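Observations on the model geometry
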Amino acid sequence: RLYFVIADVSDKGAPAALFMARTKTMIRMVATLSRGPAGVPLEPDLIIKKVNEELCLDNRQGMFVTVFFGILDPATALVSFCNAGHNPPYIMSGAHGVVALDGPRGKPLGIRSTFAYATGTCKLDPGDCLFLFTDGITEAMDPAGDWFTEERLEETLRSLAGEPASTVVGKVVARVREFAATAPQADDIAAMAIRRSG
């Protein structure tokens, strides 16, 4: 199974970087070491629940992190996922165009240890591409103060239908930088694409 994650931490600087590093480490440890009955790997919601409980411990600065965590079964192309307050990814589909992934969405991690999370599922058809991103893309500003927006992102993704995953990411980031022009970058930009080839 392929585990993947994209996340966005509150605040900036060294404390934020350390909190993100802690988040990444916790996700890797829980996903790798924790097992359910009969040694079955945990579902995404249980992994995220455990990570949230750990991040809430000793979080004096009140930091939080939004996370989209998924598990892809290459044999079936089934994706199970847990969204903890993150931007829903898009599915780029030959049959349905560009649509936001529908599914449960919980609270960001690090706020309260008792938050509950849920697992959603989707299946990637041949040629489908799952595009994940942080709000540094949609909230990128041009010199006039206008945002890039979800609408511009969707338009860009529609123009990239059928392109390899690496091309999708590269051209989206290039389009955002072209839009921003001389405006200073206000937030981190991260993107990931996973395409089912056959």
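Throughout what follows, the structure given in this document is the object of discussion. Note that the structure is a prediction, hence the values are computed from the model and not measured.

Here the focus is the overall build of the protein chain. Within the protein chain, the secondary structure is distributed over 5 helices and 9 strands. Taken from the N to the C terminus, the helices and strands of the protein chain come in the order β-α-α-β-β-β-β-β-β-β-α-α-α-β. Relative to the globule expectation of 16 Å for 198 residues, the C-alpha radius of gyration of the protein chain, 17 Å, shows essentially globular dimensions. Put simply, the protein chain has 198 residues, and 43% of those count as buried. Here the contacts in the protein chain between residues at least 6 apart in sequence split such that 70% fall between residues at least 24 apart. For the protein chain, the computed accessible surface area is about 10,200 Å², with 55% contributed by carbon and sulfur atoms. Computed over 20 positive and 23 negative side-chain charges, the inter-centroid distance for the protein chain is 6 Å.

A few words now on the pattern of salt bridges. Per the stated rule, a full pass over the model turns up 3 salt bridges. Residue glutamate 53 pairs with lysine 49 through a salt bridge whose shortest N-O separation is 2.6 Å. Taken as a pair, glutamate 53 and lysine 49 lie in helix α2 (residues 44–56) at a separation of 4 residues, close to a single helical turn. We note a salt bridge from arginine 60 to aspartate 58, for which the minimum N-O separation is 2.9 Å. Judged by relative accessible area, arginine 60 falls into the exposed class, the value being 76%.

Helices that pack against each other are described as a pair by the angle of their axes relative to one another and the distance between those axes. Interhelical geometry of helix α1 (residues 13–33) versus α2 gives an angle of 140 degrees and a closest axis separation of 9 Å. For the element pair α1 / α2, the angle class is oblique. Pair α1 / α2 crosses with right-handed handedness. Residue-level inspection shows Phe19, Arg22, Thr23, Met26, Ile27, Val30 and Ala31 of α1 in contact with α2, the latter providing Ile47, Lys50, Val51, Glu54 and Leu55. Its residues placed into classes, the contact of α1 with α2 shows 8 nonpolar, 1 polar and 3 charged.

Tracing the backbone through its elements, the reader meets threonine 23 in helix α1. Excluding anything up to four places from it in sequence, threonine 23 contacts Leu55, Val65 and Val67.

Bringing the packing of aromatic side chains into the picture now. Each aromatic ring pair is characterised by the separation of its centres together with the angle its planes make. A full pass over the atoms with the stated rule returns 5 aromatic pairs. Taking 5.3 Å as the distance between ring centres and 20 degrees as the angle between the ring planes, the aromatic pair formed by phenylalanine 68 and phenylalanine 81 counts as stacked. Residue phenylalanine 68 is located in strand β2 (residues 65–73), and its partner phenylalanine 81 is located in strand β3 (residues 78–84); the two are separated by 13 residues in the primary sequence. There is no split in this pair, since phenylalanine 68 and phenylalanine 81 are both buried. Every member of this aromatic cluster is reached through a ring pair, and the members are Tyr90, Phe131 and Phe133.

The rules behind the values
Residues numbered from 1 in each chain as written. Predicted model: local features only at pLDDT ≥ 70, side-chain atom pairs only at ≥ 80, totals over all residues. Heavy atoms only, no water. Helix = DSSP H or I, 4+ residues; strand = E, 2+ residues; numbered from the N terminus. Rg over C-alpha atoms; globule rule 2.2 N^0.38 Å. Buried < 20%, exposed > 50% of the residue type's maximum accessible area, 1.4 Å probe, protein only. Contact = heavy atoms within 4.5 Å. Areas by Shrake-Rupley, 256 points an atom, 1.4 Å probe, with all protein chains shown as cover. Lys, Arg positive; Asp, Glu negative; His and termini not counted. Charge placed at Lys NZ, Arg CZ, Asp CG, Glu CD. Salt bridge = Lys/Arg side-chain N within 4 Å of Asp/Glu carboxyl O. Axes fitted to C-alpha atoms, helices over the stretch in contact; angles between N-to-C directions. Parallel < 35°, antiparallel > 145°, perpendicular 65-115°, else oblique. Left-handed = near helix turned anticlockwise from the far one by under 90°. Nonpolar A, V, L, I, M, F, W, Y, C, P; charged D, E, K, R; others polar. Phe/Tyr/Trp six-rings, centres within 6.5 Å; stacked < 30°, edge-to-face > 60°.

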